[in-house]
Amino acid sequence: MFFFFVGGLEQQVRQVLKSDAARCIACSSMADLVKYEKVLKAFFVPVWRWPGKDQLLHCNNCNLFFPPQLSPGSPPGRTADPLDFLRCRHCKRAVEPEFSFCPFCGSSLN
Ligand SMILES: [Zn+2]
Ligand SMILES: [Zn+2]
């Protein structure tokens, strides 16, 4: 899977909306509510970026993005379909279902 070492899809923080909004589901440190963007990279150079459609929580400690509805400490807000996200079987991170490969570890989601 050499391709995934030189390119791939990453999520990056676009704008922090609220600091320390909830707890990280992975490491329990505080996570920020952010707007994110997806960045397609090839050979470590961003070639395309587009904004994500939802707000996500981002943990600065372990650099994990996850939807607010996965956080036990998140304030009640809009109810989203939990099926919007699925989890990578390999690294257990939340990824979007339209992805064929995990953007974090590159393993197949099918
Ligand atoms: Zn974390
Ligand atoms: Zn993964």
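In this text, all values refer to a predicted model and were calculated from it rather than measured experimentally.

1. Examining the pairing of strand β3 (residues 45-59)
Logical step 1: As defined by bridge partners, strand β2 (residues 30-42) adjoins β3 across eleven bridges and the pair is classed as antiparallel. Across the sheet, residue Ala42 finds its bridge partner in β3, namely Val45.
Logical step 2: The pairing of β3 with strand β4 (residues 65-66) spans two bridges and is classified as antiparallel. Bridge assignment links Leu57 to a residue of β4, and that residue is Phe66.
Logical step 3: What sits between the antiparallel neighbours β3 and β4 is a turn of five residues, in which Asn63 has the positive phi angle 60°.

2. Topic: the environment of Val13
Logical step 1: Residue position: Val13 is located in strand β1 (residues 7-23).
Logical step 2: Measuring from C-alpha to C-alpha, the distance between Val13 and Tyr36 comes to 4.5 Å, with 23 residues separating the pair along the chain.
Logical step 3: When residues no more than four places from it in sequence are discounted, the contact partners of Val13 are Val34, Tyr36 and His58.

3. Notes on the sheet that holds β3
Logical step 1: Spatially, β1-β2-β3-β4 is the arrangement adopted by the four strands of the open sheet, whose pairing is antiparallel. The open sheet has two edge strands with one neighbour each: β1 and β4.

4. Re the nonpolar core
Considering soluble globular proteins, one finds that nonpolar side chains tend to be buried as a cluster.
Logical step 1: Residues Ala31, Leu56, Leu57 and Phe66 are the most contacted members of the largest nonpolar core, which totals 18 residues.
Logical step 2: Counting only elements with at least two residues in this core, the list comes to β1, β2, β3, β4 and β6 (94-95).
Logical step 3: Ranked by residue count, the leading element in this core is β2, at four residues.
Logical step 4: The residues contacting Leu56, other than those within four sequence positions of it, are Val34, Tyr36, Phe65, Phe66 and Pro67.

5. Looking at the pairing of β1
Logical step 1: Sheet topology places β1 next to β2; twelve bridges connect them, and they run antiparallel. The residue bridging Arg23 from the neighbouring strand is Met30, located in β2.
Logical step 2: Hairpin connection of β1 to β2: six residues between the antiparallel strands, including Ser28 at a positive phi of 65°.

6. Focus on the confidence of the model for the protein chain
Logical step 1: Residue-level pLDDT values for the protein chain average 83, and 83% of them are 70 or greater.
Logical step 2: The weakest mean pLDDT in the protein chain belongs to helix α1 (residues 3-6) at 54; the strongest belongs to β4 at 94.

7. Let's talk about the environment of Glu96
Logical step 1: As for its position among the elements, Glu96 is in the segment after β6.
Logical step 2: For the pair Glu96 and Leu109, spaced 13 residues apart in sequence, the C-alpha separation works out to 10.0 Å.

Criteria and cut-off values
- Residues numbered from 1 in each chain as written.
- Chains lettered and ligands numbered in written order.
- Predicted model: local features only at pLDDT ≥ 70, side-chain atom pairs only at ≥ 80, totals over all residues.
- Pairing = 2+ DSSP bridges.
- Helix = DSSP H or I, 4+ residues; strand = E, 2+ residues; numbered from the N terminus.
- Contact = placed C-beta atoms within 7 Å.
- Core = buried A, V, L, I, M, F, W, Y, C linked by C-beta atoms within 7 Å.
- Buried ≥ 20, exposed ≤ 12 C-beta atoms within 10 Å, placed from the backbone.
- pLDDT = per-residue confidence, 0-100.

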